[in-house]
Amino acid sequence: MDGLVAAYPNAKLSASGLDVGLPEGQMGNSEVGHLNLGAGFVVMQDLTRLNAAAASGSFRDNQALADAFALARARGAAVHFIGLLGDGRVHATSTHLAALLRAAHDAGIVTARIAAPALGPRLHGRARHGPKAPSASSRRPRAAFARAGAGQFATIGPDGTTGWTATSAGTRTARAWRAIVDGEGTTAASAAAAVRAAYDAGTTDEFIAPTVLVDAGGRPLARVADGDVVVLFNFRADRMRQLLAARPDPLLRQLRAADASLTSRS
Amino acid sequence: MTLTAYADGQTAAVAFPPADVAEPIAQAVSAAGLQRFHAAETEEIRPLTYFFNGGRRNAVRG
């Protein structure tokens, strides 16, 4: 090796963080490294690109989002944001949700609902927050909604990291969808109340039952109706892919029907 | 619709499609009529093909 270095031209490559399109300080990996080498330029990875877009306000200028919001406005339909809530940056970040809500608000959307079927420890970092951390992680989107004047939690729990991938995934996915789409399941008056009740019963984030938030009369704050627009906001694919999978499930059919007109436009 | 692309051939619209590498180096070399030789240990075949070629499955002429 020393002989090669002495005899031939050589250089060191930096293969982590911003140099390969990852967030600052993030360790590189084989896939990302080779992608950059083959491209001949820094290929911004999804999380980095989305963080930059969220920070610069360019969610507002995104054509696909603009089309979706325009469609909802034209129909007078609600927009539903579905994804994992937390700052762990593994599957989703509340920064992106906040940016989406601001973009929706700026596009004139008046009815924005959030289904947050995820509050798991993996999303927060066990060491820092422990397995009960949603109140901290929901603070930022809540503040953003308050500022934007749009957005309301409609469904809480369970954590997608186990809820949608464990062997019981079929059952748990169905329960989650019944809560999100049909407004059926355990009820609570607010996101905070739902989480508090679960903690009081000794339940940690990963195992919170799908909880439908209801008004004073016990009616669900939201259901996914035909014609509504649904935005899945995880940046990482693996937990969400299940929701897109074609299968003869009436709940998923309903979701796809809600999304069908967007599909035909893409 | 989805924030990023979740699956090959998904029908729902995507807000932020994957970054496109228009012309990875293998393609440029091949287009210039030159030959390439990729060498990698077995475990690294996928990185040196799929990812090295900008996420493309179809190999260009070597």
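Residues numbered from 1 in each chain as written. Chains lettered and ligands numbered in written order. Predicted model: local features only at pLDDT ≥ 70, side-chain atom pairs only at ≥ 80, totals over all residues. Heavy atoms only, no water.

What to know about the packing of aromatic side chains
For the coordinates displayed, the defined rule picks out two aromatic pairs over all chains. For the ring pair A:Phe59 and B:Phe16, a centre distance of 5.2 Å and an interplane angle of 45° mean the geometry is tilted. Here the residue A:Phe59 occupies a position in the loop between α3 (46-56) and α4 (63-75), and B:Phe16 occupies one in strand β2 (residues 14-16), the pair thus bridging two chains. Taking the relative accessible area as the measure of exposure, A:Phe59 reaches 2% and is therefore buried. (Phe/Tyr/Trp six-rings, centres within 6.5 Å; stacked < 30°, edge-to-face > 60°. Helix = DSSP H or I, 4+ residues; strand = E, 2+ residues; numbered from the N terminus. Buried < 20%, exposed > 50% of the residue type's maximum accessible area, 1.4 Å probe, protein only.)

What to know about the side chain of A:Asn62
Looking at where A:Asn62 falls in the secondary structure, it is placed in the loop between α3 and α4. Here A:Ala64 takes part through its backbone nitrogen, which lies 3.1 Å from a polar atom of the side chain of A:Asn62. Not counting the four nearest positions on each side in its chain, A:Asn62 is found in contact with B:Ala15 and B:Phe16. (Polar contact = N/O pair within 3.5 Å; in protein donor to acceptor, adjacent residues only side chain to side chain. Contact = heavy atoms within 4.5 Å.)

Re the confidence of the model for chain A
Residue and element names in this part refer to chain A. Per-residue pLDDT for chain A has a mean of 71; in total, 62% of the residues score no lower than 70. Mean pLDDT across the elements of chain A ranges from a minimum in helix α7 (residues 126-129), with 30, to a maximum in helix α1 (residues 2-7), with 92. For residues 246-251, every residue scores under 50 in pLDDT, and the model assigns this stretch nine contacts once sequence neighbours within four places are set aside. This stretch, residues 261-266, has a pLDDT under 50; its non-local contacts, to residues over four places away or in other chains, come to 14 contacts. (pLDDT = per-residue confidence, 0-100.)

Topic: the side chain of A:Asp228
Residues and elements named next belong to chain A. If you trace the backbone, aspartate 228 turns up in the loop between β5 (211-213) and β6 (229-232). Summary of buried charges: aspartate 228 has no salt-bridge partner, and the nearest side chain of opposite charge, arginine 75, is 7.0 Å away. Within the structure, the side chain of aspartate 228 is placed 3.4 Å from the backbone nitrogen of alanine 78, a separation counted as a polar contact. At a separation of 2.7 Å, a polar atom in the side chain of aspartate 228 contacts the side chain of histidine 80. (Lys, Arg positive; Asp, Glu negative; His and termini not counted. Salt bridge = Lys/Arg side-chain N within 4 Å of Asp/Glu carboxyl O.)

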